[in-house]
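Reading the structure
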Amino acid sequence: MELREKLKITASDAHHIHLFKEGTFWKAYEGSAYLFIKFVRAYKPIKKTVKCVKSSVVSMGFPGHVLNSILEDVHLISQTDDYCVVSCTEDTYSENDFLLWKDTIEEQPLMVGKQIQKSAPVVEEKTSHAELIERIRNFRIESNTPLGCMLFLMEIQKDLNGTV
């Protein structure tokens, strides 16, 4: 299922939490993420700009093995292998409350690996150790995928050794 479809489903239902299986994780978007964090468990939300929808999107996720313990705290409406709908409260949320909450979340920067690959000029000279240390300090591992982390490490190795 495409992200647009997931956002459309989530936007059309302020009464339930819609969870989508993505790889080994379950994710909730926008209003579902808001309800989940407010009423079920206080996971950290992530806000990123998404090109295909031309706006920033808030999401939260958790590993698949945690789903059963979460289902103990909520009322299961329906579940398939890759989609789950739950209800945790009779309350709904107002669009205004959701937007105020969304504005408090700091937007995550683009992935370093992708950003460097697309926009950085090719530099023939070796990068200084101080610059490498600064890049490592500024790299946000918690907001990158395993692939993004691997690409970042490969770039560091290339700058240090000249090859990977």
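Up top you'll find the structure we're talking about.
A short tour of the structure in this document, coming up. Keep in mind that this is a model prediction, so the values were computed, not measured.

**A few points about the overall build of the protein chain**
Regarding its fold elements, the protein chain presents 7 helices and 6 strands. When the helices and strands of the protein chain are read in sequence order from the N terminus, they spell out α-β-β-α-β-β-α-β-β-α-α-α-α. The buried share of the protein chain, taken over its 164 residues, is 37%. Within the protein chain, counting contacts between residues at least 6 apart in sequence, those at least 24 apart form 59% of the total. Accessible area for the protein chain stands at about 10700 Å²; split by element, carbon and sulfur atoms hold 55% of it.

**A closer look at unusual backbone geometry**
Comment: phi is negative for the bulk of residues other than glycine, and the bulk of peptide bonds are trans. Despite not being glycine, Glu-30 shows a phi value in the positive range, around 50 degrees. As for its placement among the helices and strands, Glu-30 is situated in helix H2 (residues 30-39). Since its relative accessible area comes to 15%, Glu-30 is described here as buried. At Lys-54, a residue that is not glycine, the phi angle is positive and equals roughly 55 degrees.

**Observations concerning the pairing of strand S2 (residues 25-29)**
Sheet topology note: the strand S1 (residues 17-22)/S2 ladder contains 3 bridges and is antiparallel. What sits directly across from Phe-20, in S2, is Lys-27. Connecting the antiparallel pair S1 and S2 is a turn made up of 2 residues, with Gly-23 showing a positive phi of about 65 degrees. Across 5 bridges, S2 lies against strand S4 (residues 55-63) in antiparallel orientation. Bridge assignment links Ala-28 to a residue of S4, and that residue is Met-60.

**Considering the pattern of salt bridges**
Between side chains of opposite charge, pairing is possible as soon as their charged atoms come close. One pass over the full model with this rule turns up 6 salt bridges. A salt bridge links Glu-30 to Lys-102; the nearest nitrogen and oxygen atoms lie 3.0 Å apart. With a gap of 72 residues between them, Glu-30 in helix H2 and Lys-102 in helix H4 (residues 95-103) connect regions that are remote in the sequence. Judged on exposure class, the residue Glu-30 and its partner Lys-102 are both buried. A salt bridge links Arg-41 to Asp-73; the shortest N-O distance between them is 3.3 Å. Of this pair, Arg-41 sits in the loop between H2 and strand S3 (46-50) while Asp-73 sits in the loop between helix H3 (67-71) and strand S5 (75-79), placing them 32 residues apart in sequence. Classification of Arg-41 as partly exposed rests on a relative accessible area of 24%. According to the relative accessible area criterion, Asp-73 is partly exposed, its value standing at 48%. Residues joined in a network through salt bridges with shared partners are Lys-6, Glu-22 and Lys-27.

Reading the values: the criteria
Residues numbered from 1 in each chain as written. Predicted model: local features only at pLDDT ≥ 70, side-chain atom pairs only at ≥ 80, totals over all residues. Heavy atoms only, no water. Helix = DSSP H or I, 4+ residues; strand = E, 2+ residues; numbered from the N terminus. Buried < 20%, exposed > 50% of the residue type's maximum accessible area, 1.4 Å probe, protein only. Contact = heavy atoms within 4.5 Å. Areas by Shrake-Rupley, 256 points an atom, 1.4 Å probe, with all protein chains shown as cover. Pairing = 2+ DSSP bridges. Salt bridge = Lys/Arg side-chain N within 4 Å of Asp/Glu carboxyl O.

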